[in-house]
Amino acid sequence: MTDSTHASDSTDATGSEARADCVLCGEPTEYPESIRGATYCPVCEWQEAQRQACSG
Ligand SMILES: [Zn+2]
């Protein structure tokens, strides 16, 4: 009888690389923390694009 004890390890499976936080909402972005300048999450990035698109 195989006694398989699967302990639920709460390790970060989403990569160990630190991600920069969104400057607007604080959500983790797709960009590494080493990136320079303001970083936006996909949502805020899209909203910023919409703003710039309707300038005028
Ligand atoms: Zn955001």
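We now examine helix 1 (residues 42-53). Its 12 residues give helix 1 an end-to-end C-alpha distance of 16 Å, which sits within 8% of 16 Å, the value for a rise of 1.5 Å per residue. Of all 12 residues in helix 1, zero are buried; the element is thus mostly exposed.

With that settled, consider the environment of Pro 42. Of note, Pro 42 is situated in helix 1. Overall, the presence of 11 C-beta atoms within 10 Å leaves Pro 42 in the exposed class.

With that settled, the discussion passes to the pairing of strand 2 (residues 28-32). Where strand 1 (residues 19-21) lies against strand 2, two bridges are found, and the strand directions are antiparallel. In the strand pairing of strand 2, Asp 21 is matched with Pro 28.

With that settled, consider the confidence of the model for the chain. For the chain, the average pLDDT comes to 82, and 71% of its residues sit at 70 or higher. Highest mean pLDDT in the chain belongs to strand 1 (95); lowest belongs to helix 1 (92).

The rules behind these values
Residues numbered from 1 in each chain as written. Predicted model: local features only at pLDDT ≥ 70, side-chain atom pairs only at ≥ 80, totals over all residues. Helix = DSSP H or I, 4+ residues; strand = E, 2+ residues; numbered from the N terminus. Expected span 1.5 Å × (residues − 1). Buried ≥ 20, exposed ≤ 12 C-beta atoms within 10 Å, placed from the backbone. Pairing = 2+ DSSP bridges. pLDDT = per-residue confidence, 0-100.

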